[in-house]
Amino acid sequence: MSDEVNARWCVVAMLVLTFAVNIPLLVTTTVYGDDWAWVWVNHFQGAAKIREYMWQIAHPGYGPFFNLWFWLGGDEPGRVARASALAVHLGSGWLLWRIFLLGRVSPAFAATVAVLYLASPFLGGIRGTLSHAEYDVFIFSYLLSIRFSTDRRLIVIAGAVVALFVGLSLETLLALEALRWWLLYQNGYRGRKFIYRVAPFAAVVLAVAISRVTWLVPYGEVYASHNTMKAKSLSDLAFQIALHCYYYIQALEPIRYVASLVAYENVIVTLLLAAAAAVVGLLYHRVKTELRDRDLVILFGLGLVVLGLGMLPYVLIQRAPNWVNTYSRFVVASQFGAFILMACFIHALRGRLVRAAAVGMAVFVFAGMQVQFGKWMMYDQLVVADLQRQLGDHFKANPPELLIVRFSQDSHEVLYIKRCLANYDINVALDIAGTRHGSFAYDRDCDGEEYTKEGKCGVTGFDPVPCPAIRRTAEFRLRPEMERFTRLRIVDLAKQVMTGSPVQTGSLVIDQAPGATRPSGAAR
C-alpha cells in the first residue's frame with residue numbers, strides 16, 4: 001500500500017479509538033456551571049430569551065445551537081449536545097488530515113496532526129459543557145472553510161465563506177487564517193491569484209471584526225469590564241505569554257489519573273486501550289515518507305504563528321488558561337499551533353520506529369486521560385444528583401431557608417474538573433423539579449457565604465431576590481467508597497447512570513443549632 005493509504009488507515013484507527021473513549025460523553029445527561037443557567041432560561045423563559053441573552057453577551061452565534069440542543073433534549077440537553085460535539089470533533093480530525101495532505105507535506109505529518117488533535121488532551125477540562133459543544137461546531141465550520149478554500153468551483157467557495165462566517169462565532173479562531181494562507185501558498189496561489197482567492201474570506205473577517213468593535217461591543221454587556229484590555233507593559237505581555245505557553249505542560253497534569261486507571265480499572269479496559277494505541281502506532285510506522293528539513297522549518301514557523309495569534313487576545317486581557325474549572329477554553333484557538341509544533345518535534349526524531357513509538361505512547365496516555373475524564377463526569381452526575389435529591393427532601397419538610405453546604409472534603413477535589421457548585425448547579429434542577437420550595441443552597445467552597453453576605457440569593461445570576469430569613473449550614477458527607485472517582489470502575493458507573501435510579505453517594509447533615517447536627521429528613 002502507498003504511504004497515503006497507510007496514513008489514512010492510521011487516522012481511521014484513531015477515529016475509532018476517539019469515539020470509543022468518548023462514549024461516557026453519550027452516557028451522562030447533566031450539564032455544568034453556567035450551562036444550568038441556560039437550562040433555567042429555556043425552561044421558564046423560552047428559546048427567544050436565550051437568543052436575547054446571547055446577543056447581550058455579544059455571542060449571537062451561540063443562541064441557535066443552544067436552542068437546537070434544548071429543542072432536541074428538553075431540560076436535559078447535555079447528551080444530545082455532547083453527541084453533536086463528538087460527531088463534529090471526529091469530522092474536524094478528518095478535515096485536519098485532508099488539509100495537511102492538500103498542503104503537500106508528507107502523509108505522515110498530516111496523520112500526526114490529525115491523531116494529536118483527535119486525542120485532544122488540551123481541552124479535557126471543558127469536555128462535556130454546552131459551550132465546548134459549540135466550540136467543536138465552530139472549529140469544524142472553520143476547518144471546513146479552510147479545506148475547500150482551494151476549490152475552483154464558485155458554489156464550493158461560497159459554501160466555504162458561509163462556513164467561515166459560522167466559525168467566526170468564536171472570533172479567536174481567526175488564528176487559523178494563517179493555516180488557510182499556508183494551504184493556498186502550498187497549492188500555487190501567488191500574487192493576484194492569491195489576493196483574489198483570499199479576498200472573500202478577508203471580507204468576512206473584516207466585517208466580523210468591525211461589528212465586534214462597533215456594534216456588538218456596546219451592546220454586549222460582557223465587554224463592560226470582563227474582556228477589556230489589561231496588559232499595560234511589555235513585562236505584562238511577556239508574563240501572560242509565559243503563562244499561556246506553560247498551560248501546555250500544566251494540562252498534562254491529569255496524566256496521574258492514567259496511573260489510577262491501571263491500578264483500579266478492569267484490566268481488560270487497560271489492555272484494550274494499549275492494543276488500540278499499538279494499532280495506531282503500527283499503522284503509523286508503515287508510513288515511510290520523510291519530511292524534508294525545509295518543510296519542517298516552515299511548518300514549525302506555521303505552528304508558532306497559529307499559537308501566537310491564538311493566544312494573543314487572551315494575553316491582552318490577561319486571562320490565563322487552566323485545565324480546571326473550564327478555563328481551558330482560552331486555548332481553543334492556540335491549541336492548533338501546539339498540535340503543529342508537537343508534530344514537528346515528533347518528525348524531528350530520527351527513525352520511523354522512534355516516531356511510531358512516540359505517537360503510540362501519546363495516544364495511549366491521552367486516551368487514558370479521556371477515559372478517566374469520562375468516569376469523572378459520570379461520578380459527578382451521581383454525586384450532584386444525590387445532593388440535589390436530599391436537598392429537595394429537606395426543603396420540602398422545612399420552611400424556606402438559606403443553606404450553605406460544605407463537602408466533607410473540598411468540592412474542588414470531588415467534582416468534575418476540580419470545579420465547585422455554583423448557585424445554579426444546585427438550585428436550577430430543584431427549581432425546575434418544583435422541589436426548592438423557596439429555599440436556596442450554596443456551596444461553601446464556591447464562595448457561597450461571600451455571594452450571600454449582602455442578603456441576596458438567586459437561582460441564576462439574572463434576578464437576585466432577598467435570601468430567606470433562616471440561615472443554616474450543612475455538610476455533605478461522602479460515603480468512603482465514593483470519595484475517589486479514580487477507584488471506581490467505568491462499567492459500574494455507566495450502569496448506575498443509565499438506570500437513572502437514585503444512588504446514595506453521601507449523607508446531608510444539617511446544622512440545626514450550635515454544636516448539634518442531625519441528618520436531613522430525620523424525625524422531628
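Quick question: what am I supposed to make of the confidence of the model for the chain here?
Detailed reading of predicted coordinates is not advised where the pLDDT is low. Looking at the chain as a whole, the pLDDT averages 88, with 94% of positions reaching at least 70. Element-level pLDDT for the chain is lowest in strand 7 (residues 516-519), with a mean of 38, against a maximum mean of 95 in helix 10 (residues 177-186). Low confidence marks residues 514-524, where pLDDT is under 50. Its contacts with residues over four positions away, or in another chain, come to 18 contacts.

Would you mind showing me how to read the pattern of salt bridges here?
If the charged atoms of two oppositely charged side chains come close together, the side chains can form a pair. Throughout the structure, instances matching the rule amount to 21 salt bridges. Taking the shortest distance from any N to any O, the salt bridge between R419 and D425 comes out at 3.0 Å. Note on accessibility: R419 and D425 belong to one class, buried. Where D431 meets R436, a salt bridge forms, and the shortest distance between an N and an O atom there is 2.9 Å.

So what exactly am I meant to see when it comes to the environment of A320 here?
In this fold, A320 is placed in the loop between helix 15 (293-316) and helix 16 (335-348). Residue A320 is classed as partly exposed on the basis of its relative accessible area, which comes to 33%. Here the alpha-carbon distance between A320 and V115, two residues 205 residues apart in the chain, equals 26 Å. Not counting the four nearest positions on each side in its chain, A320 is found in contact with Q240, L243 and F330.

I would appreciate a short explanation of helix 1 (residues 3-21) in the present structure.
Residues separated by three or four positions in an α-helix point in the same direction, a consequence of the helix having 3.6 residues per turn. The end-to-end C-alpha separation of helix 1 is 27 Å, in line with the 27 Å expected for 19 residues at 1.5 Å each. Those residues of helix 1 not exposed but buried are D3, N6, A7, C10, V11, A13, M14, L15, L17, T18 and V21. Summarising the contacts, the buried residues of helix 1 are in contact with helix 2 (23-27), helix 6 (78-102), helix 7 (107-119), helix 14 (267-285) and helix 17 (352-396).

Even after reading the chapter, I still don't get the packing of aromatic side chains, so can you show me in this structure?
Each pair of aromatic rings is reported with the distance of its centres and the angle of its planes. Tallying each qualifying case throughout the model produces 31 aromatic pairs. Ring centres of Y314 and F330 lie 5.3 Å apart, and the angle between their planes is 40 degrees; on these two criteria the pair is classed as tilted. With a gap of 16 residues between them, Y314 in helix 15 and F330 in the loop between helix 15 and helix 16 connect regions that are remote in the sequence. By the burial criterion, Y314 is buried, and F330 matches it. Note on F373 and W376: the rings are 6.4 Å apart at their centroids and 10 degrees apart in plane angle, and the pair reads as stacked. Separated by three residues within a single helix, F373 and W376 lie in helix 17, roughly one turn from each other.

Help me out: how do you make sense of the pairing of strand 1 (residues 401-407) in this one?
On any regular strand, side chains alternate: one points to one face of the sheet, the next to the other face. Most of strand 1 is tucked away, with six of its seven residues classed as buried. Where strand 1 meets strand 5 (residues 470-478), seven bridges bridge the pair, whose relative direction is parallel. When the sheet's bridge partners are listed, R406 is paired in strand 5 with E475. In terms of strand pairing, strand 1 meets strand 2 (residues 440-443) through four bridges, oriented parallel. Across the sheet, residue V405 finds its bridge partner in strand 2, namely D443.

For this particular structure, what's the right way to read the nonpolar core?
For soluble globular proteins, nonpolar side chains are generally found buried alongside one another. F100, F109, Y379 and L391 are the most contacted members of the largest nonpolar core, which has 167 residues in total. Of the residues forming this core, the biggest block, 21 residues, is contributed by helix 17. If we ignore the near neighbours within four places in the chain, the residues touching F109 are F100, L291, L299, I340, A343, C344 and H347.

Quick question: what am I supposed to make of the state of the cysteines here?
The bond known as a disulfide is covalent and runs between the sulfur atoms of two cysteines. If you walk through the whole model with that rule in mind, you get two disulfides. Across the disulfide, C420 is cross-linked to C446 (sulfur-sulfur distance 2.0 Å). Handedness here is read from the sign of the S-S torsion; for C420 and C446, about 50 degrees, the answer is right-handed. Here C420, found in the loop between helix 18 (411-414) and helix 19 (423-433), pairs with C446, found in the loop between strand 2 and helix 20 (448-451); they are 26 residues apart in sequence, far enough to count as distant. Judged on exposure class, the residue C420 and its partner C446 are both buried. Between the sulfur atoms of C457 and its disulfide mate C467 the distance is 2.0 Å. The sign of the S-S torsion, about 100 degrees, decides the handedness of the disulfide formed by C457 and C467: right-handed.

Sorry, what's going on with the packing of helix 13 (residues 255-264) against helix 17 here?
In a packed pair of helices, the relevant descriptors are the angle between the two axes and the axis-to-axis distance. Packing of helix 13 against helix 17 brings their axes to within 8 Å, and their N-to-C directions diverge by 80 degrees. On the basis of their axis angle, the class for helix 13 and helix 17 is roughly perpendicular. Across the interface between the two elements, I255, Y257, V258, S260 and L261 from helix 13 touch F364, V365, G368, M369, V371, Q372 and W376 from helix 17. Here the contact of helix 13 with helix 17 is composed, by residue class, of nine nonpolar, three polar and no charged.

Just to check I follow, could you spell out the packing of helix 6 against helix 10 for this structure?
In contact at an axis separation of 9 Å, helix 6 and helix 10 are set at 40 degrees when each is read in the N-to-C sense. Between helix 6 and helix 10, the crossing angle belongs to the class labelled oblique. Contacts between helix 6 and helix 10 involve I99, F100 and L102 on the former and, on the latter, L179, W182 and L183. The class makeup of the residues in the contact of helix 6 with helix 10 is six nonpolar, no polar and no charged.

Procedures and definitions
- Position numbers for residues count from 1 along each chain, tracking the sequence in the order it is written.
- Residues qualify for local features only when their pLDDT is at least 70, as the model is predicted, and side-chain atom pairs are given and counted only at 80 or more; totals for whole chains, interfaces and linings, by contrast, use all residues.
- The side-chain quantities take in all heavy atoms of the structure and omit both hydrogens and water.
- Each residue carries a pLDDT score, the predictor's own confidence in it, on a scale running from 0 to 100.
- Strands are runs of DSSP state E lasting at least 2 residues, helices are runs of H or I lasting at least 4, and numbering of each runs from the N terminus.
- Should any heavy atoms of two residues lie within 4.5 Å, those residues are considered in contact.
- Just to be clear on terms, a salt bridge is a Lys or Arg side-chain nitrogen sitting within 4 Å of an Asp or Glu carboxyl oxygen.
- Between buried and exposed lies partly exposed: a residue is buried under 20% and exposed over 50% of the maximum accessible area for its type, with that area taken using a 1.4 Å probe on protein chains only.
- What a helix is expected to span follows from its residue count: subtract one and scale by 1.5 Å.
- Stacked, tilted and edge-to-face are the three classes assigned to paired rings of Phe, Tyr and Trp, where Trp is represented by its six-membered ring and a pair needs centres within 6.5 Å; plane angles under 30 degrees give stacked, over 60 edge-to-face, the rest tilted.
- Note: two strands are recorded as paired if DSSP finds a minimum of 2 bridges between them.
- We call a set of buried residues a nonpolar core when its members are Ala, Val, Leu, Ile, Met, Phe, Trp, Tyr or Cys and they connect through side-chain atoms within 4.5 Å of each other.
- Any pair of cysteine sulfurs within 2.5 Å is marked as a disulfide.
- Fitted lines through C-alpha atoms serve as axes, helices being fitted only where they are in contact, and the angles separating the N-to-C directions of these axes extend from 0 to 180 degrees.
- Should an angle fall under 35 degrees it is taken as roughly parallel, and over 145 as roughly antiparallel, whereas 65 to 115 is taken as roughly perpendicular and any remaining angle as oblique.
- Basically, the charged four are Asp, Glu, Lys and Arg, the nonpolar ten are Ala, Val, Leu, Ile, Met, Phe, Trp, Tyr, Cys and Pro, and anything else, Gly included, counts as polar.

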